[in-house]
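# Report on the structure
The chain contents come next:
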Amino acid sequence: MTAGLLLMPHGAQKLFGWFGGYGISGTGQFFADTLGMHPGWLFALLAGLVEFFAGAALALGLLTRLAALGVVVLMSVALSVHIPNGLFWTNGGIEYPLMWGLVALAFVIGGGGRYSLDSRLGLRI
């Protein structure tokens, strides 16, 4: 639950400009101009959607493995962007996306657990 709830505000920053974020337009411009990811608005939209909605799904334990797989893919892209900055997040390194990717991978492998909506609904996804 905590992992999902902590991902959601990052998506809200990208999608809606909440919590000090820049919205799709500003984040998209950063992705394009600074990170070289074109079209920036599309990558900002995709990242925001994964963080927000996969985060919500993880918090609920609904479609847990699928949501977590989306986070793994997103964090793999983030790792490729942050690798030149080394390990530590304080220098823009891979530490933070690596941690999130590994947390998500644990959910891909283990699912949502017995208290998840997946379990309650009998879903094996």
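Residues numbered from 1 in each chain as written. Predicted model: local features only at pLDDT ≥ 70, side-chain atom pairs only at ≥ 80, totals over all residues. Heavy atoms only, no water.

Gaps left between atoms are located by rolling a probe of water-molecule size over the structure's atoms. Approximately 810 Å³ is the volume found for the largest pocket. As for the largest pocket, its lining consists of 30 residues, of which Lys14, Phe31, Ala47, Glu51 and His82 are closest to the centre. Those elements that provide at least two residues to the lining of the largest pocket are helix 1 (2-16), helix 2 (23-33), helix 3 (40-60), helix 4 (64-82) and helix 5 (95-110). The element that contributes the greatest number of residues to the lining of the largest pocket is helix 4, accounting for eight residues. (1 Å grid on protein atoms, 1.4 Å probe; cavity = no way out; pocket = protein on both sides within 12 Å on 5 of 7 lines; lining within 4 Å. Points joined across faces, edges and corners; volume = space filled by probe spheres on them. Helix = DSSP H or I, 4+ residues; strand = E, 2+ residues; numbered from the N terminus.)

This next bit is on the pattern of salt bridges. Applying the stated criterion across every chain yields a total of one salt bridge. Put simply, Glu51 and Lys14 hold a salt bridge, and the shortest N to O gap is 2.8 Å. Here Glu51, found in helix 3, pairs with Lys14, found in helix 1; they are 37 residues apart in sequence, far enough to count as distant. Across the pair, Lys14 and Glu51 agree in class, each one buried. (Salt bridge = Lys/Arg side-chain N within 4 Å of Asp/Glu carboxyl O. Buried < 20%, exposed > 50% of the residue type's maximum accessible area, 1.4 Å probe, protein only.)

The subject of this paragraph is the nonpolar core. A general trend in soluble globular proteins is that nonpolar side chains are found buried together. By size, the foremost hydrophobic cluster in this structure holds 18 residues, and its most contacted members are Leu58, Val71 and Met75. The greatest single-element share of this core, amounting to seven residues, is contributed by helix 4. If we skip the residues at most four places from it in the chain, Leu58 touches Met1, Gly4, Leu7, Thr64, Ala67, Ala68, Val71 and Phe107. (Core = buried A, V, L, I, M, F, W, Y, C linked by side-chain atoms within 4.5 Å. Contact = heavy atoms within 4.5 Å.)

Here the focus is helix 1. The terminal C-alpha atoms of helix 1 lie 21 Å apart, and with 15 residues this matches the ideal 21 Å at 1.5 Å per residue to within 8%. Among all positions in helix 1, only Ala3, Gly4, Leu7, Met8, Gly11, Ala12, Lys14 and Leu15 are buried. Buried residues along helix 1 cover an arc of 160 degrees about the axis, so they all sit on one side. Of the surrounding elements, those touching the buried residues of helix 1 are helix 2, helix 3, helix 4 and helix 5. Just downstream of helix 1, Gly17 is the residue with a positive phi angle, here 75 degrees. (Expected span 1.5 Å × (residues − 1). Arc of directions from axis to C-beta.)

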